[in-house]
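Here is how the chains run, residue by residue.
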Amino acid sequence: MIDMMASMWGRLAWDGFPGELVTIGGALAVVFGAAAVGAALFYFKRWKWLWREWLTSLDAKKIGVMYIVVAVIMLLRGVGDALLLRTQQALAVGDAGGVITSDTFQQIFSAHGTIMIFFVAMGIMFGLINLVLPLMLGTRDVAFPFLNSVSFWLFAAGMALVNLSLVYGEFSAAGWLAYPPLSGLEYSPGVGIDYWIWSLQIAGVGSLLSGINFLTTILRQRAKGMSLMKMPIFVWSVITTMILVVFAFPILTATLGMLSLDRLMGMHFFTSDFGGNPMMYVNLIWAWGHPEVYILVLPAFGIFSEVVATFSRKYLFGYKTMVFALFGITFLSFIVWLHHFFTMGAGGNVNAFFGIMTMIIAVPTGVKIFNWIFTMYKGKVKFASPMVWFMGFVFLFTIGGMTGVLMAVPAIDFQVHNSLFLVAHFHNTIITGVLFGFFAGITYWFPKIFGFKLHEQLGRIAAYCWIFGFMLAFFPLYVLGFMGAVRRIDHYDEPSWQIFFIISGVGVLVILLGIGFQLLQLGVSIWQRKKNLDTTGDPWNGRTLEWSVPSPAPSYNFAATPQVSSRDAFWEMKQSGRGIKYVHEAIKVPKNTGAGAVIAGFAFIMAFGLIWHIWWLAFVAFVAVIVCILKRTLSDEDNERELSVKELKQLDAKARKGVRV
Amino acid sequence: MNQLASKRYFGFWLYLMTDCLLFAALFATYVVLRGNTADGPRPSEIFNMPFVLVETVILLTSSFICGLMLLAAKANNVRRTKTLLFGVIVLGVLFLGMELSEFTQLVHEGAGWTTSAFLSAFFTLVGTHGAHIFIGLLWAGALLWLLQTRTFNDALLQKTGLFAMFWHFLDVIWIFIFTIVYIMGAA
Amino acid sequence: MSDAKKYTIGFVLSLLATWLAYSIAVGHLVNAHAMIVVLVVLAVIQLVIQLVYFLHFGSPGSKWNMLAFVFMGIVLLIIVVGSLWIMANLDYNMMQRSPDEKNSYMIEQSNKGF
């Protein structure tokens, strides 16, 4: 009887709660954070409003905002992790022990990487695409609005799992990619790796579905007259990114699946005995991992293309070569993945092939950098804060790219692999490339979604803090890498390293200041929104279709579908004075539904059951997911309501008072 | 074909492409690990070729019948559609039953998925295909129920078309399992 | 030709390809090296048969589907062939040597700068 009771609760136990000061603090932060939000909703009586207006919405713009909100919360957590790591490394030299235990340190750097890549970068990316893509294409929503909601909720479920691990249980201590055999059952029998696996599996499915969704939207739902070569360049960057998503994420799913089979069912894919081959995991995970980093950066390139053209008041230089460069990067990113494990022991010819391919992939990126600069040349450049982000990017990302080419040479990589030089390189490219791009995009498109501009001055100060803070935080790491410091160390004996770690720590504080200014900017902008209202829908003198609708963009996007005849369609319409040709027709708007949240909720429960070995719970939740899906697909297709042409004209007239063109 | 249907077919085709890559990763792993038999049996020792040939013909036939079913649906012949769909389900259940019996047999012989890397890869690759067949059968059952209880319209034709795509795709994957796992294993 | 006829042709051809592969393998009609090539070729042929006759590949309106398939095929080949090449290389260099042989090999590579 006791045995049955024990197996009914899996391996749940009281010692799952954290016991160290730092981890207790983390757990309390999650619990109080969630409680504070809940209390605020209760106090302001906004539960129903939240459910009705946001959580059940199938409007891509609302889903986009929710993605970004979740991602920003995770950014705060990721930066908190970074602060702890830097503090430890700044203090723990020689005899000093630092502030956290080794085991906690390992969980923190694993969580830091996992959160930043999967939940911050991917989150903001999918968020921005949701906000902007349908508007840019002149269409009402994405191809599959319900699937879009499911994708978001699966992402949120993954995020919830990662945060739950902070409160109950532990997280992976095997790095953000969890190489076996360390991540196998023998060396990591606890729940940490399982939390890692399942949060990524669930979020990964969401990403895959979004990839299918956005590709179908672009290829099947463009405005009339918008041929492929007339699309905004951001849309091309989304196409290539989604091609990468669709063809790379299945590899992640398969590989995480096999690791979980090793752990759950005693299989021997990646064990060190019974014929398992851990090197195959490294091979597969990077076959996904390399495309993943291009998934992160290509949309940022797309955003910069839009921002630079708009603020230089010129057509983007070399549109065609930009498109070719995007495809070049996409194809090449599938044949470079071995450069992540040059040192694993492959022979000279294999290393040489992948090294050469890695060097080649820098070329299309270089083409893009030149094209942005040529776009600015002889343009009437306005240095609004999105352009400040771009200037930081163009200088700093180039450095990061060059260090990448340096490491593409296997001989050099043997010296710097897994050193702080590598850590500096990838933070260089991700922060100044991906993150700066996303910040520029958020500032640029904020008025379109919310109807008022963000405070410009505070935005600039934030950008300067990030740029300066980044340099302080990561340039010392390049030096440390050359001095022999490896990554993921919580203690070192060489005293000459300490000053660099301290400078780096100061850099993180400056970045934190930058984040503080961004949060301040948000608060002040909301407070002063009446002063910064976007009354025309076109606050930046934009070039693409999203600026032709009122701000904030109405839920149905376009009351009448625009007809397009050239690139930079909106700019062309403004210049020629012809105005926009519209086609009026009734549209179907999907009804709100909580089904996406419910499906993801059951997925969360299933994951919890698998992590804690509560098999019956996992099984029941899995069945519930299938049932929910069946229920939705078997329903009578009465999921939409219609907006007649008359209704649309009335709504549009109300929204458009003051819109230019 | 209206816009909504065209979107759905294309989107579903894209999903099938991602599923192909999922199988590709599993195939690559299988080929890499198939020599790692530890102390367990080798492929040639556990594969029953006539048995697998019968499985293959059953699945192929079900794919053929599925095609005929879609033709019947396009011709608005609901009765014939239901009959042929039922045939697909029967053959699918037969296939799955045979596969499950093969798996159970292997586990009883001590050639389970914990015995060696080769066997882990075998059970996972073939088992994932089997899991897809299982989901397909659930889908077919739901479709049959819809055909029985609702008036046949464009939406139902669409659902039938999507199912047919899925079922054909599963047979395409099986071609490679049959060839790379069983035939190459036995030879 | 009628659609039903198309499916029937596809069915018969697939059966033929299956039977051919089966007989060649079980009857050991070619040597081991040629066997792999023959089997893979037959599998690819059957793939094309089923794509064309069952999934209507190449019919009008399937342009994007075909493009998506080709893209997928390219990535699939890269992953599968790439993994096999890499793993065979790693296996030769890392698994077929004793620990001492491995050690001197890695030192040699490091000195070569590779």
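It should be emphasised that the depicted structure is a prediction, and the values quoted were computed from it without experimental measurement.

> Can you tell me about the overall build of chain B, naming the residues and giving the values?
The helix and strand inventory of chain B stands at six helices and zero strands. Along its sequence from the N terminus, chain B presents helices and strands in the succession α-α-α-α-α-α. By residue count, 50% of the 187 residues in chain B fall in the buried class. Excluding contacts between residues fewer than 6 apart, the proportion of contacts in chain B whose partners are at least 24 apart in sequence is 81%.

> If you had to explain the overall build of chain C to someone new, which residues and values would you point to?
Broken down by element type, chain C carries four helices and zero strands. Along chain C, from the amino end to the carboxyl end, the secondary structure elements read α-α-α-α. A compact globule built from 114 residues would reach a C-alpha radius of gyration of about 13 Å, whereas chain C, at 22 Å, exceeds it by more than 25%. Its C-alpha atoms put chain C at 70 × 40 × 15 Å along the principal axes. A fraction of 52% describes how many contacts in chain C between residues 6 or more apart in sequence connect residues 24 or more apart.

> Which residues make up helix α9 (residues 278-312) of chain A, and what values do they have?
Residue and element names in this part refer to chain A. In this model, α9 (35 residues) spans 51 Å end to end at C-alpha, consistent with the 51 Å of a helix rising 1.5 Å per residue. For α9, the principal kink sits at Trp 286 and spans about 25°. Once α9 finishes, Arg 313 follows within two positions and takes phi at roughly 50°, a positive value.

> Summarise the interface of chain C and chain B; cite the residues concerned and give the values.
Listed by partner, the interface residues are 32 residues for chain C and 32 residues for chain B. For the side of chain C that touches chain B, the secondary-structure elements that each account for two or more residues are α1 (3-26), α2 (32-53) and α3 (63-95) of chain C. For the side of chain C that touches chain B, the element with the highest residue contribution is α3(C), accounting for 12 residues.

> Just give me the short version of the interface of chain A and chain B, but keep the residues and values in it.
Between chain A and chain B, the residue contacts involve 31 residues of the former and 29 residues of the latter. Going through the elements one at a time, α7 (192-220), α8 (233-265), α9 and α20 (615-634) of chain A are the ones with two or more residues in the side of chain A that touches chain B. Sort the elements by how many residues they give to the side of chain A that touches chain B and α8(A) lands first, with 10 residues. Of the residues that constitute the side of chain A that touches chain B, the class distribution is 21 nonpolar, eight polar and two charged.

> Give a detailed account of helix α10 (residues 319-332) of chain A, specifying residues and quantitative values.
Residues and elements named next belong to chain A. Between its first and last C-alpha, α10 extends 20 Å over 14 residues, near the 20 Å set by a 1.5 Å rise per residue. Along α10, the residues classified as buried are Tyr 319, Met 322, Ala 325, Leu 326, Ile 329 and Thr 330. Here the buried residues of α10 occupy an arc of 135° about the axis, which is enough to place them on one side. Looking at the buried positions of α10, the neighbouring elements they touch are α8, α9 and α12 (362-376).

> I'd like a description of the domain arrangement of chain C, backed by residues and values.
Here chain C is partitioned into domain 1 (1-57) and domain 2 (60-114). The C-alpha-based centres of domain 1 of chain C and domain 2 of chain C are spaced at 29 Å.

> Would you mind going over the confidence of the model for chain C in detail, with residue names and values included?
For chain C, the average pLDDT comes to 89, and 97% of its residues sit at 70 or higher. Reported confidence for the predicted complex is 0.96 by ipTM and 0.95 by pTM.

> Which residues make up the packing of α7(A) against α8(A), and what values go with them?
Residues and elements named next belong to chain A. Between α7 and α8, whose axes approach to 8 Å, the crossing angle comes to 150°. Taken together, α7 and α8 sit at an angle that is classed as roughly antiparallel. Pair α7 / α8 crosses with left-handed handedness. Taken together, the residues that form the contact of α7 with α8 break down as 18 nonpolar, six polar and two charged.

> Give me unusual backbone geometry: which residues, what numbers.
Of note, the bond from Pro180(A) into Pro181(A) is cis; its omega dihedral lies within 30 degrees of zero at -5°. Take Pro181(A): it is sitting in the loop between α6 (145-167) and α7. Cis geometry is found at the peptide bond from Ser551(A) to Pro552(A), where omega equals -5°. With respect to the element layout, Pro552(A) can be found in the loop between α17 (498-527) and β1 (561-563). Of note in this structure, Phe274(A) is not a glycine but carries a positive phi near 60°. In this structure, Phe274(A) sits in the loop between α8 and α9. In this structure Phe274(A) comes out as buried when scored by C-beta crowding, with 21 C-beta atoms within 10 Å. In this model, His28(C) sits at a positive phi of 50°, which is unusual for a non-glycine residue. Positionally, His28(C) belongs in the loop between α1 and α2.

> Tell me about the environment of Trp51(A), and name the residues and values.
Residues and elements named next belong to chain A. Checked against the element boundaries, Trp 51 lands in helix α3 (residues 47-55). With 15 C-beta atoms packed within 10 Å, Trp 51 lands in the partly exposed category. Once the C-alpha coordinates of Trp 51 and Gly 594 are considered, the two residues, 543 residues apart in sequence, prove to be 8.2 Å apart.

> Just give me the short version of the packing of α8(A) against α10(A), but keep the residues and values in it.
All names here are of chain A. Interhelical geometry of α8 versus α10 gives an angle of 10° and a closest axis separation of 10 Å. The angle between α8 and α10 falls in the class roughly parallel. Here the hand of the crossing between α8 and α10 comes out right-handed. Residues Ile 233, Trp 236, Ser 237, Thr 240, Ile 243 and Leu 244 of α8 touch α10, and the partners they reach there are Tyr 319, Met 322, Val 323, Leu 326, Phe 327 and Thr 330. Grouping the constituent residues of the contact of α8 with α10 by class yields nine nonpolar, three polar and no charged.

> Can you break down the confidence of the model for chain B residue by residue, with the values?
Taken as a whole, chain B shows an average pLDDT of 95; of its residues, 99% reach a score of 70 or greater. At the level of individual helices and strands, chain B shows its lowest average pLDDT in helix α2 (residues 43-46) of chain B, which scores 93, and its highest in helix α4 (residues 78-108) of chain B, which scores 97.

> Give a description of the environment of Asp103(A) that names residues and reports values.
Structurally, Asp103(A) is set in helix α5 (residues 102-137). The sequence separation of Asp103(A) and Asp490(A) amounts to 387 residues, and the corresponding C-alpha distance is 9.7 Å.

Rules and cut-offs
Residues numbered from 1 in each chain as written. Chains lettered and ligands numbered in written order. Predicted model: local features only at pLDDT ≥ 70, side-chain atom pairs only at ≥ 80, totals over all residues. Helix = DSSP H or I, 4+ residues; strand = E, 2+ residues; numbered from the N terminus. Buried ≥ 20, exposed ≤ 12 C-beta atoms within 10 Å, placed from the backbone. Contact = placed C-beta atoms within 7 Å. Rg over C-alpha atoms; globule rule 2.2 N^0.38 Å. Expected span 1.5 Å × (residues − 1). Bend = angle between axes of the 7 residues up to and from the residue. Nonpolar A, V, L, I, M, F, W, Y, C, P; charged D, E, K, R; others polar. Arc of directions from axis to C-beta. Domains from an automatic or database assignment. pLDDT = per-residue confidence, 0-100. Axes fitted to C-alpha atoms, helices over the stretch in contact; angles between N-to-C directions. Parallel < 35°, antiparallel > 145°, perpendicular 65-115°, else oblique. Left-handed = near helix turned anticlockwise from the far one by under 90°.

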